[in-house]
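So the chains spell out like this:
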Amino acid sequence: MANSGRKIRILVAKPGLDGHDRGARVIARAFRDAGFEVVYTGLHQTPEQIVAAALQEDVDLIGLSCLSGAHMHLFGRVIELLKENKVDDVKVIVGGIIPEEDIPKLKKLGIKEVFLPGTALEKIVGWVRDNVSPRC
Amino acid sequence: MFTEKTLQEVREGKKRWEKEVEKARRQKPERKQRFSTGSDSEIKGIYTPDDIKELDFARDIGYPGIFPFTRGCQPTMYRGREWTFRMFSGMGSAEDTNRRWHHLLKEGETGLSTAFDFPTLMGYDTDSPRARGECGRCGVAIDTLRDFEILTHGIPLDGVTTSMTINPPALVLWAMYLGVADKSGINWDRIGGTIQNDMLKEFIAQKTFMLPPEPSIRLISDAVEFGTEHVPLWNTISISGYHIREAGSTAIQELAFTLADGIAYVQDVIERKKLDVDSFAPRLSFFFNSHLDFFEEIAKFRAARRMWARIMRDRFKAKNPRSWWMRFHTQTAGCSLTAQQPYNNIIRTTTEALAAVLGGTQSLHTNALDETLALPSEFAATIALRTQQVIADEIGVTNAIDPLAGSYFVESLTSQLEEKAWEYINKIDDMGGMLAAIDRGFPQMEIADAAYHYQKQIDDAEKVVVGVNKYVTKKEAPAEILKVDEGVEERQSARLKEVKAARDNRKVAQILSDLRAASRTDKNLMPYVIAAVKEYATEQEICDVWRDIFGVYRDPGYY
């Protein structure tokens with residue numbers, strides 16, 4: 001793993017109109033406590049706003065949360081915009097109320113991991129340590 | 001409540017018991033160093049008269065239907081009438097939801113409760129770019145009165161009460177309900193129901209925002225004033241702790257922040273509308289969560305009634321006993337349900353529902369077993385309804401009123417919750433009230449801390465969640481998961497287009513312009529909104545007027 005001394009930078013984001021932010025905020029705090037640098041967008045972000053924030057904040061990872069059922073459209077749009085902006089070194093993970101059958105579809109889109117309700121914080125933090133390295 | 005002699009005997013007896021405990025512990029230590037409630041308040045092994053010696057029966061417990069209402073707000077409680085079986089439901093189109101409503105009524109539901117989709121909750125129409133992908137996903141999509149007419153088709157508005165979980169655009173959806181009543185020839189004094197209309201808890205917890213706090217509160221007070229005058233059986237605010245708890249608060253925080261919100265609303269209506277407290281307070285209602293810790297929840301409900309009665313009588317000097325009583329709806333805790341082994345959720349919901357009933361709720365929603373996976377299927381929603389019906393008819397808990405009163409433990413817990421909630425309320429008063437507290441992020445951060453602590457307790461297996469961190473098995477899938485029809489967005493957009501083409505657009509423009517002018521004054525806006533929806537102005541057209549004048553609230557993103 002590359003180690004430039006820079007911390008892993010993560011954008012935690014809530015796309016769409018969904019107001020369920022308990023999970024996103026708990027995760028943001030767990031990432032911070034794990035020693036990552038965290039930017040939390042707050043609620044009601046458009047995919048455009050999220051990708052702009054990711055670029056501006058120069059993050060290594062985007063964590064998206066959606067519990068409203070609009071995940072296929074919203075997550076898909078974030079991935080599409082990253083591609084349009086030729087961003088290929090920012091990984092995307094997601095969480096929320098996501099039916100089992102949508103998981104392969106999301107992974108096919110390019111989402112690296114899908115975390116469902118009941119996942120321990122430690123497991124998500126562990127995934128980040130194993131799969132994300134800070135860019136130099 | 002006890003003589004000094006009794007207390008002396010109690011203490012002597014306790015010493016003997018403690019010796020036995022020491023012996024037992026030497027043989028086998030207790031399972032844990034510390035036992036605590038779901039909200040992590042420490043619980044002793046045994047409670048005795050000594051723990052409730054400060055209680056005064058007449059002052060603190062008393063009788064149902066009489067101040068301080070600790071034992072219930074009605075004198076006969078469930079012997080007179082069961083609580084209302086009110087299942088929160090809404091999905092897809094107005095047709096889909098109307099079908100579900102008729103199904104639930106046929107199966108014995110006794111009140112309706114509406115779940116709207118996110119665009120409707122936030123004041124956007126289906127054709128807004130902000131609404132893409134959201135139509136009908138999390139509830140029913142409503143854009144105009146046309147949708148509302150379909151939603152309520154075949155529902156006797158004067159025969160059933162309807163609750164609507166709607167906040168920033170509460171006036172608009174309420175106006176649609178009143179509009180449908182008008183078109184069906186039903187007088188407003190014959191319709192009953194509830195609009196949630198509680199923005200303070202939105203800023204704190206549920207987070208469907210539209211306008212900044214000050215104009216949000218103004219719209220709420222407009223609703224209270226209008227209802228007081230024209231719709232006497234309507235509950236004009238449902239002051240809600242439910243979402244505060246779902247966001248991760250403790251039971252104490254839920255209790256304290258909800259009552260502090262209630263204080264802020266009463267204060268605002270008195271100051272802004274110059275209404276006599278007794279004219280509107282009887283139509284304020286409440287909404288609580290029923291979480292897993294059985295006794296803590298029962299104690300919370302009892303404490304809530306006692307505290308509200310004291311607030312209304314002593315702080316606001318209300319004279320009408322109906323202003324003192326707290327009526328509330330309860331929903332079992334969605335956040336207590338697990339995606340793992342979802343059938344276990346039926347058991348969780350059952351005990352939570354039982355706590356709500358033993359706590360004296362007026363109305364109850366029981367969550368479906370599949371709610372961590374999707375909106376409830378018909379199968380799952382029906383089991384949830386049956387859960388209430390079994391509690392009401394089979395297990396004998398509706399016979400005696402407030403059956404846990406006098407329990408050393410429950411009474412002690414009730415007093416403890418009350419005491420800790422007063423501490424929060426005093427703190428919020430010192431900050432200058434709930435609006436000021438929200439502005440500095442106080443309740444938001446308190447809840448964020450509690451939510452994180454709760455999750456840590458689960459991760460550290462200090463708190464057991466069956467199927468998640470204990471008794472873990474391979475996942476069992478539920479029978480069926482409700483899928484919202486992919487075509488709903490397209491069809492809803494088409495209907496919206498049709499309605500806009502068919503209405504009198506000049507008239508709509510005129511009414512919206514009148515609304516705009518009135519919004520800049522302190523006139524009550526409800527008559528303008530009713531006029532607008534009756535001409536099929538869309539929800540967003542009305543809300544855009546307000547967004548334009550008052551601005552938009554942005555989430556400060558506390559975590």
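See above for the structure.
Just so it is clear, the model here is predicted, and its values are computed rather than measured. (Residues numbered from 1 in each chain as written. Chains lettered and ligands numbered in written order. Predicted model: local features only at pLDDT ≥ 70, side-chain atom pairs only at ≥ 80, totals over all residues.)

1. Side note on the sheet that holds strand β4 (residues 193-195) of chain B
Residues and elements named next belong to chain B. Taking strand neighbours across the sheet as the criterion, the 9 strands line up as β5-β4-β3-β2-β1-β9-β8-β7-β6 in an open arrangement whose pairing is parallel. Here the strands that pair on one side only, and so sit at the sheet edges, are β5 (234-235) and β6 (237-240). Of the pairings in the sheet, the one linking strand β1 (residues 84-89) to strand β2 (residues 111-114) comprises 4 bridges and is parallel in character. The partner of Ser-89 across the bridge, within β2, is Thr-114. In the packing of helix α4 (residues 94-106) onto the sheet, the strands contacted are β1 and β2, and the crossing angle to β1 comes to about 160 degrees. (Pairing = 2+ DSSP bridges. Helix = DSSP H or I, 4+ residues; strand = E, 2+ residues; numbered from the N terminus. Contact = placed C-beta atoms within 7 Å. Axes fitted to C-alpha atoms, helices over the stretch in contact; angles between N-to-C directions.)

2. Observations regarding unusual backbone geometry
Most peptide bonds are trans, and most residues other than glycine sit at a negative phi. All names here are of chain B. Put simply, Phe-67 and Pro-68 share a cis peptide bond, and its omega is 5 degrees. Among the structural elements, Pro-68 can be located in the loop between α2 (57-61) and α3 (77-80). Within the chain, Asp-40 stands out as a residue other than glycine whose phi angle is a positive 70 degrees. Along the chain, the position of Asp-40 falls in the loop between α1 (4-27) and α2. What makes Asp-40 partly exposed here is the crowd of 18 C-beta atoms within 10 Å. (Buried ≥ 20, exposed ≤ 12 C-beta atoms within 10 Å, placed from the backbone.)

3. Describing the packing of helix α2 (residues 47-57) of chain A against helix α3 (residues 71-84) of chain A
Residues and elements named next belong to chain A. Packing of α2 against α3 leaves a shortest axis separation of 9 Å and a crossing angle of 45 degrees. Classified by the interaxial angle, the pair formed by α2 and α3 is oblique. Seen along the crossing, α2 lies across α3 with a hand that is right-handed. Contacts between α2 and α3 involve Pro-47, Glu-48, Ile-50 and Val-51 from the first element and Leu-74, Arg-77, Val-78, Leu-81 and Leu-82 from the second. Residues that form the contact of α2 with α3 fall into these classes: 7 nonpolar, no polar and 2 charged. (Parallel < 35°, antiparallel > 145°, perpendicular 65-115°, else oblique. Left-handed = near helix turned anticlockwise from the far one by under 90°. Nonpolar A, V, L, I, M, F, W, Y, C, P; charged D, E, K, R; others polar.)

4. Comments concerning the environment of Gly-118 of chain A
Residue and element names in this part refer to chain A. Among the structural elements, Gly-118 can be located in the loop between β5 (113-115) and α5 (121-131). The class for Gly-118 is partly exposed, based on 18 C-beta atoms found within 10 Å. For the pair Gly-118 and Pro-134, spaced 16 residues apart in sequence, the C-alpha to C-alpha distance is 28 Å.

5. Brief notes about the nonpolar core
Proteins that are soluble and globular tend to have nonpolar side chains buried together. Residue and element names in this part refer to chain B. Leu-171, Leu-173, Ala-175, Ala-223, Ala-421 and Val-529 are the most contacted members of the largest nonpolar core, which totals 187 residues. The greatest single-element share of this core, amounting to 12 residues, is contributed by helix α11 (residues 251-273). Not counting the four nearest positions on each side in its chain, Leu-171 is found in contact with Leu-219, Asp-222, Ala-223, Leu-525, Met-526 and Val-529. (Core = buried A, V, L, I, M, F, W, Y, C linked by C-beta atoms within 7 Å.)

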